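Chain by chain, the residues run as shown.
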Amino acid sequence: MQFRYKKITVKIGSNVLAKADGTLNVARIAHLVDQIAFLQKNGVEVVLVSSGAVAAGRAVLEPAKKTDAVSQRQLWAALGQVKLISRYSDFFSEHGLVCAQVLTTKENFSDRGHYLNMKNCITTLLENKVIPIVNENDTISVTELMFTDNDELSGLIASMVNSEALVILSNVNGVYNTHPQNENAELIHQIDREEVDLKGSAVEGQSTFGRGGMLTKLRIAQKVAGDGIGVHVANGTIENVLIDLLDKDKEFEHTYFVPNKKSSSGVKKWIGYSDDFAKGQVVINQGAIKALNSEKAVSLLPVGVVKLISEFKKGDLIKIVDETGAVVGVGKAQYGSDKMKQEMDSEKQKPLVHYDYLYMENKK
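The structure contained in this document is the topic of the report that follows. (Residues numbered from 1 in each chain as written. Predicted model: local features only at pLDDT ≥ 70, side-chain atom pairs only at ≥ 80, totals over all residues. Heavy atoms only, no water.)

Comments concerning the overall build of the protein
Phase 1: Helix and strand counts for the protein come out as twelve helices and 13 strands.
Phase 2: For 364 residues, the compact-globule estimate of 2.2 N^0.38 gives 21 Å, and the protein sits close to it at 21 Å.
Phase 3: With the C-alpha coordinates of the protein rotated into their principal frame, the extents come out at 70 × 50 × 45 Å.
Phase 4: Buried positions account for 52% of the 364 residues belonging to the protein.
Phase 5: At a minimum sequence separation of 6, the contacts of the protein that also span at least 24 residues come to 74%.
Phase 6: Of the roughly 17100 Å² of accessible surface on the protein, a fraction of 48% belongs to carbon and sulfur atoms.
Phase 7: Seen as two clouds, the 43 positive and the 44 negative side-chain charges of the protein have centres 4 Å apart. (Helix = DSSP H or I, 4+ residues; strand = E, 2+ residues; numbered from the N terminus. Rg over C-alpha atoms; globule rule 2.2 N^0.38 Å. Buried < 20%, exposed > 50% of the residue type's maximum accessible area, 1.4 Å probe, protein only. Contact = heavy atoms within 4.5 Å. Areas by Shrake-Rupley, 256 points an atom, 1.4 Å probe, with all protein chains shown as cover. Lys, Arg positive; Asp, Glu negative; His and termini not counted. Charge placed at Lys NZ, Arg CZ, Asp CG, Glu CD.)

Considerations on empty space enclosed by the protein
Phase 1: Using the criterion set out here, one finds one cavity of 30 Å³ or more in the structure.
Phase 2: The volume enclosed by the largest cavity comes to roughly 30 Å³.
Phase 3: Forming the boundary of the largest cavity are Arg112, Tyr115, Leu116, Lys119, Ser159, Met160, Gly266 and Lys269.
Phase 4: Among the elements of the structure, α5 (112-127), α6 (150-160) and α10 (266-272) are those that each provide at least two residues to the lining of the largest cavity.
Phase 5: Looking at the lining of the largest cavity, the element that brings in the most residues is α5, giving four residues.
Phase 6: A class-by-class count of the residues in the lining of the largest cavity yields three nonpolar, two polar and three charged. (1 Å grid on protein atoms, 1.4 Å probe; cavity = no way out; pocket = protein on both sides within 12 Å on 5 of 7 lines; lining within 4 Å. Points joined across faces, edges and corners; volume = space filled by probe spheres on them. Nonpolar A, V, L, I, M, F, W, Y, C, P; charged D, E, K, R; others polar.)

Some details on unusual backbone geometry
Phase 1: Positive phi is not limited to glycine here, since Lys129 has a value of about 60°.
Phase 2: Here Lys129 is to be found in the loop between α5 and β4 (130-136).
Phase 3: A positive phi angle is found at Asn162, which is not glycine, with a value near 60°.
Phase 4: As for its position among the elements, Asn162 is in the loop between α6 and β5 (165-170).

Structural notes on the sheet that holds strand β2 (residues 45-50)
Phase 1: Judged by pairing direction, the sheet is mixed, and its eight strands sit side by side in the order β3-β4-β2-β1-β5-β7-β8-β6 without closing on themselves. Either end of the sheet is taken by a strand with one partner, and the two such strands are β3 (98-104) and β6 (190-191).
Phase 2: Pairing between β6 and strand β8 (residues 255-257): two bridges, direction parallel. In the strand pairing of β8, Gln190 is matched with Tyr256.
Phase 3: Contacts from helix α2 (residues 26-41) reach β1 (7-12), β2, β4 and β5, with the element oriented near 155° to β2. (Pairing = 2+ DSSP bridges. Axes fitted to C-alpha atoms, helices over the stretch in contact; angles between N-to-C directions.)

Set out below in structure tokens:
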């Protein structure tokens, strides 16, 4: 059997791992572990991003008194994380494999040093044939700085560890042109970055136990595919989904996001997922947008900036928006906003954001 990839990140959603009553579907976890173990033993490195902790905790205990949503989530995450990782550990050990828990928060990705530290940790685990199981640390995450859901986290992890593909397992077969329960719903088998219409094909609404929905999956899949990583959205409740999906000789019903032929550099990948931590914001004109999105290596010069929205210092990440307010990119400032006027008046302008530290959202 030949597999399509040698290194993948697999994201398993809450609705795959939890039953309707919130308890863990132990049989499904065991079956998914069997598949991952088979892949691992056949030369495919797997990083697992697993939901299910909050859903598992919900089945263990109801709060003793009325609590707010954040406190409830913290309680259930703390209880459920133990239960979830214990199941994984037991099932992997049956195959003679070791797994490790990696808990993170969105704030960990705001600093380049922390980001590289986490990358080193996961790389070391993989080098030692250990299967990393990554999840957001919901016990300490602050609402404003939480990942949209584990789809967002899995995209960041796949990009960080240079996976060849990201497999997102949900409880539907993939992305449909309308709600999958509609009679005329059709599965979209392949999506190219330049063709995808988020509003037209996205299914609104959230999953029962997760925080995100299909719109989140689409947005993340687009970004990951833009980094040169293939993305597969498939039904995790189908038997042997991972084996059949990755088998080169099989056709499997799911949605595939075609990756960009060019892969982004490590620092650009980090910047691309760090827009929530941008300190400043500038508006640029259409000429600058066109130049930055061209195939040439172009830096952002002050001449392209038409308005300063919020101030920033040298080294800060800044959001780059068009004149309608839509984000077109993120970059690292070469100097502070106080120097911009001086640079604008200069005959030879220094780039505000150098090409090496510039991430454009829609660059082909």
